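# Per-entry structural report
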Amino acid sequence: MCRNKQIKKKKTTVRKSTLNPVYNEALVFDIPTENIDECCILVQVKDYDKVGSNEVVGYCGVGMQCVGQGHNHWVEMLDNPRKPTAHWYQLLETLPVGLSTHHTPYKISSCFHGKAG
């Protein structure tokens, strides 16, 4: 998300029949330097359903406007350009603090799907 607009969407593989999905996948985004402080990545994990709509299980965010781990991870990525920086995140039930609730979440978002139940 950049200036509260979705600019890119990525999707991982579906993890079926697990309440504790693990996604050990790399996601790479090229963000222009002049926009780096205005962008963030919002991860939205969904319960995959064959019938009906997929329900949101939780969120996590990475960016300058995030608080705590999401902010620290972003700073680490900026300090180490073009080098992978991996972190484990606990999902939140609501959007991470610092991210706008006025706009549709950035859907690198409906990209992470897990089968819960």
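Each remark here, short or long, concerns the structure printed above.
The sections below set out a description of the structure shown in this document. As the structure is a computational prediction, the values presented were derived from the model and not from experiment. (Residues numbered from 1 in each chain as written. Predicted model: local features only at pLDDT ≥ 70, side-chain atom pairs only at ≥ 80, totals over all residues. Heavy atoms only, no water.)

### What about the overall build of the protein chain?
Looking only at helices and strands, the protein chain has 1 helix and 4 strands in total. Across the 117 residues of the protein chain, 34% fall into the buried class. Counting only contacts in the protein chain whose residues sit at least 6 apart along the sequence, the fraction spanning at least 24 positions is 65%. When the accessible area of the protein chain is evaluated, it comes to approximately 7,800 Å², of which 51% is carbon and sulfur surface. (Helix = DSSP H or I, 4+ residues; strand = E, 2+ residues; numbered from the N terminus. Buried < 20%, exposed > 50% of the residue type's maximum accessible area, 1.4 Å probe, protein only. Contact = heavy atoms within 4.5 Å. Areas by Shrake-Rupley, 256 points an atom, 1.4 Å probe, with all protein chains shown as cover.)

### Topic: the nonpolar core
Formed by Tyr23, Phe29, Ile36, Ile41, Val43, Val45, Cys60, Val62 and Trp74, the largest nonpolar core amounts to 9 residues. If you list the elements that add at least two residues to this core, you get β2 (40–47) and β3 (55–63). (Core = buried A, V, L, I, M, F, W, Y, C linked by side-chain atoms within 4.5 Å.)

### Here's the deal with the layout of surface pockets
The calculated volume of the largest pocket comes to roughly 1,600 Å³. Lining the largest pocket are 40 residues, with Glu25, Leu27, His73, Met77 and Thr85 sitting closest to its centre. Residue assignment for the lining of the largest pocket shows that the elements contributing at least two residues are β2, β3, α1 (69–79) and β4 (112–114). (1 Å grid on protein atoms, 1.4 Å probe; cavity = no way out; pocket = protein on both sides within 12 Å on 5 of 7 lines; lining within 4 Å. Points joined across faces, edges and corners; volume = space filled by probe spheres on them.)

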